[in-house]
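Coordinate analysis (summary)
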Amino acid sequence: MKYDLHMHTFYSKCSNLKPQTILKLAKKKKLDGIAITDHHEIKGALEVKKLNKDKGFEVIVGEEISTNYGDVLVYYLNKKIDKIDFYEVSEEAKRQNALITIAHPFRTTLVHNHRFKLPLEKVKHNIDAIECFNARTLPGDNKKANEAAEKLKVAKTGGSDSHFLFEIGTAHTIFEGSLRTALKRKQTKIAGTIMFGAFGGVLSYLRKKIF
Ligand SMILES: [Zn+2]
Ligand SMILES: [Zn+2]
C-alpha cells in the first residue's frame, strides 16, 4: 500500500487545492490512500471522504494541529480537535481511537522554525509515529527525524504536505495490510522527493502574505 499522509485543501489558508481535484489526482498517481490534514479543520477531509466512492481507495480524516510544542498530525478523527496543549491533543486522539504523529519535527526554513520543542524521547509514549519524510522539509532535517524514530523505536510516516497540485503524491508511507496495524507494529516505510515541495513552500508563503 502506498499512502500520502499529509495534504491540505483550500480550508487551509496556505493551500488552493479543491477536494475533488485532490481525489482525482491521488488516484491518477496510483496511491492507495490519502490523509487530508488541514490546519485546525476537518471539513475538507470530510468532503474528500464523501466524494470517494472507490472501496479500494482509503480517505483518512485527519487534522494538522499546531500545539504549544509544535505541529502534530492526527488520523482517523470523528470530530475536530480544538485543543492546543500537546498532551491534551494526544489524550483526545486516544479517546477518539485516532493516531497521532509528530509532523516534520526538525523542520527549519529561512523564514520559520517548525521544530518540535520537546525532546522526542519525552513524548514517545504519547504518539504513534514520527513523520520522517515530509516533502517540504530539507533532507538533513528529514534525516534527523528518521534517526530519532529508529533510535526511539517509533513508527515512521511520510507525506507530501501538499498545498498545490504538483505536490500531490510526492512522498509516501508504504506498508502491507492496514495502516493502523502497520503503525502499531512499526512496519511502515517511507519514500519521496522534496523537489516539488520546495517550490510549493515558497508559493504557500506568498499566498498567506497576499490573502
Ligand atoms: Zn506543519
Ligand atoms: Zn502541513
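Residues numbered from 1 in each chain as written. Chains lettered and ligands numbered in written order. Predicted model: local features only at pLDDT ≥ 70, side-chain atom pairs only at ≥ 80, totals over all residues. Heavy atoms only, no water.

What follows covers the coordination of the zinc ion (ligand 2). Taken together, the protein ligands of the zinc ion (ligand 2) are His6 (NE2), His8 (NE2), Glu64 (OE) and Asp161 (OD), with distances of 2.1 to 2.2 Å. The sequence pattern formed by the donor residues of the zinc ion (ligand 2) is H-x1-H-x55-E-x96-D. A spacing of 3.8 Å is found between the zinc ion (ligand 2) and the zinc ion (ligand 1), which share Glu64 as a donor. In this structure, His6 and His8 share a single accessibility class: buried. (Donors = N, O, S within 2.8 Å, 3.2 Å for Na, K, Ca; no water. Buried < 20%, exposed > 50% of the residue type's maximum accessible area, 1.4 Å probe, protein only.)

Relative to the helices and strands, Lys156 is located in strand β7 (residues 155-159). For Lys156, the contacting residues outside a window of four places in its chain are Ala129, Ile130, Cys132, Asn146, Ala149, Glu150, Thr173, Leu183, Thr188 and Ile190. (Helix = DSSP H or I, 4+ residues; strand = E, 2+ residues; numbered from the N terminus. Contact = heavy atoms within 4.5 Å.)

Time to look at the sheet that holds strand β8 (residues 171-174). Reading across the sheet, the 9 strands line up as β7-β6-β5-β4-β3-β2-β1-β8-β9 and stay open at both edges, with mixed pairing between neighbours. A single partner strand is all that each edge strand has here, and the edge strands are β7 and β9 (189-192). Going from strand to strand, the sheet's axes swing by 30° on average, the running direction of each strand aside. Of the pairings in the sheet, the one linking strand β4 (residues 70-75) to strand β5 (residues 99-102) comprises 4 bridges and is antiparallel in character. Paired with Tyr75 across the two strands is Leu99, which belongs to β5. Contacting β2 (33-39) and β3 (58-67), helix α2 (residues 43-51) runs over the sheet at an angle of about 175° to β3. (Pairing = 2+ DSSP bridges. Axes fitted to C-alpha atoms, helices over the stretch in contact; angles between N-to-C directions.)

On the protein side, the zinc ion (ligand 1) has Glu64 (OE), Asp71 (OD) and His104 (NE2) as donor atoms, found 2.0 to 2.3 Å from it. The sequence pattern describing where the donors of the zinc ion (ligand 1) fall on their chain is E-x6-D-x32-H.

A word on a nonpolar patch on the surface. Nonpolar side chains collect at one region of the surface, where Leu110, Val111, Val202, Tyr205, Leu206 and Ile210 lie side by side and expose about 650 Å² of accessible area between them. On the secondary structure map, Val202 appears in helix α7 (residues 195-210). (Patch = residues over 30% accessible without salt bridge, like charges linked within 9 Å, V, L, I, M, F, W, Y side chains within 5 Å. Areas by Shrake-Rupley, 256 points an atom, 1.4 Å probe, with all protein chains shown as cover. Salt bridge = Lys/Arg side-chain N within 4 Å of Asp/Glu carboxyl O.)

With that out of the way, let us pick up the pairing of β3. Among the 10 residues in β3, 8 count as buried, and that is most of the element. The sheet contact formed by β2 and β3 spans 7 bridges and is parallel. Residue pairing in the sheet places Ile36 in a bridge with Val61 of β3. Handedness of the crossover joining β2 and β3 through α2 is recorded here as right-handed. Inspection of the sheet shows β3 paired to β4 by 6 bridges, in the antiparallel sense. Bridge assignment links Ser66 to a residue of β4, and that residue is Asp71. Counted along the chain from β3 to the antiparallel partner β4, the turn is 2 residues long. (Right-handed = clockwise from strand over helix to strand, strands pointing away.)

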